[in-house]
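Report on the structure
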Amino acid sequence: MAAPGSPAPVDPAAVAFRAIRSGNVYEECVERVLSAVKLGLVLPGDRLPAERDLAVRLGVSRVTLRDALRSLTETGWVEVRRGRHGGTFVRDRPPTARTVRPGAPLTPESLEDTLALRRVLELGAVELAATTRTKAEADRVLTAALADCTAAGPRRYRTADSRLHLAISERTGSASLAAAVADIRMKVSALLDAIPLLAPNIVHSNRQHEEIVGTVLQGDPGAARAAMEEHLSGTSALLRGFLS
């Protein structure tokens, strides 16, 4: 019990499972659960809070939470046990973050460095792309890249995703900016290759891509920047969750 006048002790689980405020609810759910496991707030073999309680804590629907937990089950972080004492449990031997490439172990600092540079470059690129007057051919290239990404299956998705982001930067007409975006995209692609490809995230990303391209074609730089920022935040949440 806390001494009189002293602050009440902090509940670690309440910190880990605080309400989600962004629009990337699925990705944030995945990150919150992974963070709780990696910080030792929920230990291997421990049961997560009941689904109803956890959904309330996170401020998300049970459908969204189930999608996140299903993804974490498929990737080996948690397991569902049936029966009277069942629930969702952290696996006794959860996976560990993988090395992004041989000889270059990922550190929290290098991850944040990459994400920060990506944010600056891609937010600037999409804002400029929405203000740049282009020929009809440039619009067709961007629209075709969006259609290709939307139609891509799991094996082609990340390649098509990269091409769409590069098409946005190329629409600015700045060769230097397009080259810088291409360079950072190579680093991001290496990070993405080290985490699972999750179906709910693909669906969410496709919706965000449509909004981003739509605002660019409408010539609305503020809306384009906001849409891209939310999109990048979702990807960053997954990368931090799996790789930090």
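Below is a summary of the structure that appears in this document. (Residues numbered from 1 in each chain as written. Predicted model: local features only at pLDDT ≥ 70, side-chain atom pairs only at ≥ 80, totals over all residues. Heavy atoms only, no water.)

1. Focus on the overall build of the protein chain
Here is the rule: Strands here are runs of E lasting at least two residues and helices are runs of H or I lasting at least four, both read from the DSSP assignment and numbered beginning at the N terminus. Partly exposed residues are those whose accessible area sits between 20% and 50% of the maximum for their type, while under 20% is buried and over 50% is exposed, using a 1.4 Å probe and protein chains only. Pairs of residues are marked as contacts when any of their non-hydrogen atoms sit within 4.5 Å. Residue exposure ignores everything except the shown protein chains as possible cover, and the areas themselves are Shrake-Rupley values with a 1.4 Å probe.
A tally of helices and strands in the protein chain yields 10 helices and two strands. By residue count, 41% of the 244 residues in the protein chain fall in the buried class. When contacts within the protein chain are restricted to residue pairs at least 6 apart in sequence, those whose partners lie at least 24 apart make up 73%. For the protein chain, the accessible surface area stands at approximately 13,000 Å², while carbon and sulfur atoms represent 54% of it.

2. Some words on the nonpolar core
Filter applied, for reference: To define a nonpolar core, start from buried Ala, Val, Leu, Ile, Met, Phe, Trp, Tyr and Cys residues and group those joined through side-chain atoms within 4.5 Å.
Phe17 and Phe242 are the most contacted members of the largest nonpolar core, which has 35 residues in total. The next biggest cluster of nonpolar side chains, apart from the first, holds 22 residues, and it includes Ala152, Val213, Val216 and Ala224.

3. Remarks on the side chain of Asn201
Note that Asn201 resides in helix 9 (residues 199-217). In this structure, Asn201 is in contact with Tyr26, Glu27 and Leu238, ignoring residues within four places of it in sequence.

4. Side note on the pattern of salt bridges
Selection rule: Salt bridge, as applied in this entry: a Lys or Arg side-chain nitrogen positioned within 4 Å of an Asp or Glu carboxyl oxygen.
Overall, the coordinates contain 15 salt bridges when judged by the stated rule. Between Glu229 and Arg119 there is a salt bridge, with the nearest N and O atoms lying 2.2 Å from each other. Of this pair, Glu229 sits in helix 10 (residues 221-243) while Arg119 sits in helix 5 (residues 108-131), and the two are 110 residues apart along the sequence. Linking Asp139 and Arg171 is a salt bridge whose minimum nitrogen-to-oxygen distance equals 2.5 Å. Here Arg171 lies in the loop between helix 7 (157-170) and helix 8 (175-192) and Asp139 lies in helix 6 (residues 136-151), a separation of 32 residues in the sequence. Ionic contacts of the salt-bridge type, sharing partners, join the residues Glu51, Arg62 and Arg66 into one network.

5. Focus: the pairing of strand 1 (residues 78-81)
Threshold: Between any two strands, at least two bridges found by DSSP are needed for them to pair.
Bridge count for strand 1 against strand 2 (residues 87-90) is four bridges, and the pairing is antiparallel. Looking at the pairing, Val80 lines up with Thr88 of strand 2. Turn length for the strand 1-strand 2 hairpin, with the two strands adjacent in sequence and antiparallel, is five residues, and the turn residue Gly83 shows positive phi of about 105°.

6. What to know about empty space enclosed by the protein
Over the atoms, a rolling probe the size of a water molecule traces out where space has been left empty. Counted only if it meets this: Both site types are read off a 1 Å grid over the protein atoms alone. A 1.4 Å probe that fits but cannot get out defines a cavity, while an open set with protein on both sides within 12 Å along at least five of seven lines defines a pocket; lining residues have an atom within 4 Å of a point. Grid points are joined across faces, edges and corners, and a volume is the space filled by probe spheres set on the points. In this classification, Asp, Glu, Lys and Arg are treated as charged, Ala, Val, Leu, Ile, Met, Phe, Trp, Tyr, Cys and Pro as nonpolar, and every other residue, Gly included, as polar.
Tallying each qualifying case throughout the model produces one cavity of 30 Å³ or more. Roughly 170 Å³ of internal volume is contained in the largest cavity. Residues that form the lining of the largest cavity fall into these classes: seven nonpolar, five polar and four charged.

7. Concerning the packing of helix 5 against helix 7
How two helices sit against one another is set out by the angle between their axes and by the gap between those axes. Heads up, the rule is: Every angle, taken between N-to-C directions, lies between 0 and 180 degrees, and every axis is a line fitted to C-alpha atoms, over only the stretch in contact when it is a helix. Here is the rule for angles: anything less than 35 degrees is roughly parallel, anything more than 145 is roughly antiparallel, 65 through 115 is roughly perpendicular, and the remaining ranges are oblique. Put simply, a crossing is left-handed when the front helix is turned counterclockwise from the back one by less than a right angle, and right-handed when it is turned clockwise.
Packing of helix 5 against helix 7 leaves a shortest axis separation of 8 Å and a crossing angle of 55°. One element, helix 5, and the other, helix 7, form an angle in the oblique class. For helix 5 against helix 7, the interelement crossing comes out left-handed. From helix 5, Arg118, Glu122, Ala125, Val126 and Ala129 reach across to helix 7, where they touch His165, Ile168 and Ser169. Each residue belonging to the contact of helix 5 with helix 7 can be placed in one class, and the counts come to four nonpolar, two polar and two charged.

8. Considering the layout of surface pockets
Reported here for the largest pocket is a volume of approximately 310 Å³. Glu51, Leu69, Val80, Gly87 and Thr88 are the residues nearest the centre of the largest pocket, which is lined by 15 residues in total. Elements supplying a minimum of two residues to the lining of the largest pocket: helix 4 (62-74), strand 1 and strand 2. Per-element accounting of the lining of the largest pocket gives the leading share, four residues, to helix 4. Across the lining of the largest pocket, the residue classes tally to five nonpolar, four polar and six charged.

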